[in-house]
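The primary structure of each chain is shown beneath.
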Amino acid sequence: MKLLTALRAERLKSKRTASVYLTLIGSAFVPFLFLLNVLTGGSDLKALAKDPLNSAFELGAERTGVLFFPLFVILVCTLLPQIEYRNNTWKQVFASPQAKASVFLAKFLNINRLLLLFLLAHLVFMAVAVLVMHVARPDLHLLEQPFDFGRVALRTGNMYVTMLAVCALQFWLGLRFRNFVVPTAVGFVLWVTGMMMALEFRTALVDYFPYCFHLFPLSPQLQPRLPQVAWTSAGYTFLFLGLGFLDFRRRRLTSA
Amino acid sequence: MDQQPLIRTTGLSYRYSRDVQTLSGINLHVERGSIYGFLGPNGSGKTTTLSLLLGLLNNQAGDIEIFGQHLHRNREAILGRIGSLIETPSLYGHLTARENLEVYRSTYGASKARIDEVLDIVGLGDTGRKVAKKFSLGMKQRLAIALALLPAPELLILDEPSNGLDPAGIIELRALVKKLNREHGMTILISSHLLGEIEKMVSHVGIIYKGKMQFQGTLAGLHGFQRQGARLHLRTSDNEAARLLLGEYAPRVGADGLHVAFENNAQVAAINRRLTGQGIDVFLLHPKESDLEQLFIDLTTAHA
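Residues numbered from 1 in each chain as written. Chains lettered and ligands numbered in written order. Predicted model: local features only at pLDDT ≥ 70, side-chain atom pairs only at ≥ 80, totals over all residues.

**Student:** Looking at this structure, how should I read the overall build of chain A?
**Tutor:** Helix and strand counts for chain A come out as nine helices and zero strands. When the helices and strands of chain A are listed from N to C terminus, the series reads α-α-α-α-α-α-α-α-α. The C-alpha radius of gyration of chain A comes to 20 Å, within 12% of the 18 Å expected for a compact globule of 256 residues. In terms of overall dimensions, chain A has C-alpha extents of about 65 × 40 × 30 Å along its principal axes. Each of the 256 residues in chain A was classed as buried or not, and the buried ones make up 43%. Pairs at least 24 residues apart make up 80% of the contacts formed inside chain A by residues separated by at least 6 positions. (Helix = DSSP H or I, 4+ residues; strand = E, 2+ residues; numbered from the N terminus. Rg over C-alpha atoms; globule rule 2.2 N^0.38 Å. Buried ≥ 20, exposed ≤ 12 C-beta atoms within 10 Å, placed from the backbone. Contact = placed C-beta atoms within 7 Å.)

**Student:** Could you clarify how one ought to interpret the sheet that holds strand β13 (residues 252–254) of chain B in this entry?
**Tutor:** Hydrogen bonding along the main chain pairs the strands of a sheet, whether they run parallel or antiparallel. All names here are of chain B. Sheet architecture is open: four strands sit in the order β13-β14-β12-β15, paired in antiparallel fashion. Two strands in the sheet have a free side with no partner beyond their single neighbour: β13 and β15 (282–288). Across the sheet, the mean angle separating the axes of adjacent strands is 25° when strand polarity is ignored. In this structure, strand β12 (residues 231–236) lies alongside β15, joined through six bridges in antiparallel fashion. Bridge pairing in β15 links His 233 to His 286. (Pairing = 2+ DSSP bridges. Axes fitted to C-alpha atoms, helices over the stretch in contact; angles between N-to-C directions.)

**Student:** Explain the interface of chain A and chain B to me, please; I cannot follow it from the model alone.
**Tutor:** Often the size quoted for an interface is simply the accessible area lost on bringing the parts together. Across the contact, 23 residues belong to chain A and 27 residues belong to chain B. For the side of chain A that touches chain B, the secondary structure elements donating two or more residues are α1 (2–13), α4 (52–87) and α5 (90–94) of chain A.

**Student:** What is the right way to read α1 of chain A from this model?
**Tutor:** An α-helical turn contains 3.6 residues, so any two residues separated by three or four positions project in the same direction. Helix length check: α1 of chain A, at 12 residues, gives a terminal C-alpha distance of 17 Å against a target of 16 Å (1.5 Å per residue), a fit within 8%. Looking at the packing, one finds that the buried side of α1 of chain A touches α4 and α6 (100–136) of chain A together with α3 (97–108) of chain B. (Expected span 1.5 Å × (residues − 1).)

**Student:** Any chance you could explain unusual backbone geometry here in plain terms?
**Tutor:** Most peptide bonds adopt trans geometry, and most residues besides glycine take a negative phi value. All names here are of chain A. Not every positive phi belongs to a glycine, and His 141 is a case in point at roughly 55°. Relative to the helices and strands, His 141 is located in the loop between α6 and α7 (149–176). The class for His 141 is exposed, based on 12 C-beta atoms found within 10 Å.

**Student:** Got a minute to help me understand the sheet that holds strand β8 (residues 155–159) of chain B in this structure?
**Tutor:** Residue and element names in this part refer to chain B. Judged by pairing direction, the sheet is mixed, and its six strands sit side by side in the order β7-β8-β9-β4-β10-β11 without closing on themselves. Looking at strand neighbours, the two that pair on one side only are β7 (82–85) and β11 (212–218), the edges of this open sheet. Across the sheet, the axes of successive neighbouring strands diverge by a mean angle of 10°, strand direction being ignored. Looking at chain direction, strand β4 (residues 35–39) and strand β10 (residues 204–209) are connected through four bridges and run parallel. Among the inter-strand pairings, Gly 37 is bridged to a residue of β10, identified as Val 205. Lying on the sheet, helix α5 (residues 137–149) is in contact with β7 and β8; it crosses β7 at an angle near 165°.

**Student:** Explain the nonpolar core to me, please; I cannot follow it from the model alone.
**Tutor:** Residue and element names in this part refer to chain B. Core analysis: the largest hydrophobic core is formed by 79 residues, its most contacted members being Leu 143, Ala 146, Ile 157 and Ile 188. Take this core: its biggest share by element is eight residues, from α5. What Ala 146 contacts, discounting residues up to four positions off in sequence, is Leu 101, Val 118, Leu 119, Ile 121, Val 122 and Leu 124. (Core = buried A, V, L, I, M, F, W, Y, C linked by C-beta atoms within 7 Å.)

**Student:** Got a minute to help me understand the UniProt feature "transmembrane region" (unreviewed entry) in chain A in this structure?
**Tutor:** Residues and elements named next belong to chain A. Sequence positions flagged by UniProt for "transmembrane region" (unreviewed entry) are, in local numbering, residues 20–40, 60–81, 114–136, 156–173, 180–199 and 229–248. The span residues 114–136 carries 100% helix and 0% strand; its end-to-end C-alpha distance comes to 32 Å. From the first C-alpha to the last, residues 229–248 spans 27 Å; its make-up is 100% helix and 0% strand. (UniProt positions renumbered as here; feature names shortened; annotations may be inferred.)

**Student:** Which parts of the structure should I look at to understand the confidence of the model for chain B?
**Tutor:** Predicted confidence across chain B gives a mean pLDDT of 87, with 93% of residues reaching 70 or more. In the predicted assembly, ipTM is 0.85 and pTM is 0.84. (pLDDT = per-residue confidence, 0-100.)

**Student:** What's the story with the environment of Leu 79 of chain A in this structure? I'm lost.
**Tutor:** Residues and elements named next belong to chain A. Mapped onto the elements, Leu 79 comes out in helix α4. On the basis of neighbour count, Leu 79 is assigned to the buried category, with 22 C-beta atoms found within 10 Å. Non-local contacts of Leu 79, meaning those with residues more than four positions away in its chain, are made with Ala 18 and Ser 19.

**Student:** Mind showing me how you'd approach the domain arrangement of chain B here?
**Tutor:** In terms of domain boundaries, chain B breaks down into domain 1 (7–81 + 153–225) and domain 2 (230–288). For domain 1 of chain B versus domain 2 of chain B, the separation of C-alpha centres amounts to 41 Å. (Domains from an automatic or database assignment.)

Right under this line is the structure:
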């Protein structure tokens, strides 16, 4: 009950913040570009030649999952904890009758609420893009194909689970540093490192480096090891959250 | 009035770094139903003390009891009965006044109607969709007070609440503090670095300087302390003979004459009569009563 109360407070605090707009704009980016590409006769038309409806959702997931979703996670995990620093409100939070554990978990759950909203909004925007494509290009026969919802749901679930470790680490960094630039820069550098490890060096360490995990649901070469990596991601999540909480409880976040 | 103090600290000490002792041995006693003025110059340890009372800083040495309960064993239950404003207002700039209060409403278990009540108390009932970052400093301060009042607290802790307020705002704040104490029975602990600002509303005073309590008691007690500090400055034809004659008044001879303690005007007249009666001419007879402001300065600089 106390956690729900704290979560409600966090949801109210994030009202009208950049993180909500970032969620909606970030999730619409790929569907919009995809739609433009198809309507202007771009290269994506070839990819839609076989099983067009499911291929459209797969293409959308790949592009969002590799680039926009990780960047969104890095940004939102930094932006939301900054609300307290920017408004100088930590002291009011800690002077209110709630446990530090509730505050910490509520903040993490609120971020996860936005992560899930991002993934859901992405699917909605993809569906809208497909509908517009169907009206504009009936020759693609998009809505006459069977839709594999189970595959879409499983892929979306895997995208979420494999990003949890990064989410927990970035959340810790976002709480740790008063300066917004530090956690964002660390996140970007580690994300680029992860992409290079997976795509350029193809090292076996990708199974243990959280910033590579988001590629596993999307890459046919990495997919066989996805279940193990999903568990590793869950383990890292608990580890980073535990360490983050110990640090959060110990540190003096007020200016007093 | 209940004799059990609402706040009792015993030997409270704190240091931010190893070589700087910010508080030492603070024994704060705040009576239930009182308005306690916590006075001291900037950097004397007021905010640190209040932060310790609210659990914003971890207690390093000493004990804190509030409502007769140990703070660290009953933190949440105690904080649910306290409203606070520490230093600058803690508000979410992107939210309206009502939304700022709504963030904490459920945490304190307050009703929706309570939001309207506290906004009306501080005169911010008509701010509508205006977000807090567009408020003037005075409005922000009033909204922060509304937030402190949200839980209908038994104890209100206000740290320098008149910072940034214009003279009219300070008078309004003073009236509000008195009203909350009188009509709602709230015990109020209010800190300030200006004695004149709070002496018109407090019933008790604590004076802190360099992390140590210099005085603690009722305002009447402080006035008594003030009278004890009153001195009569004399210059006579024979200061040494006058010193011997006025031995019972604890005279002190200085380069500028003689200084003796006195309590009232009758004593001044009696001293004059005794000197002239013994053939000592009196050239100067100047009673110097230390006002509270001077006393505050004396108390906070005597040990510097």
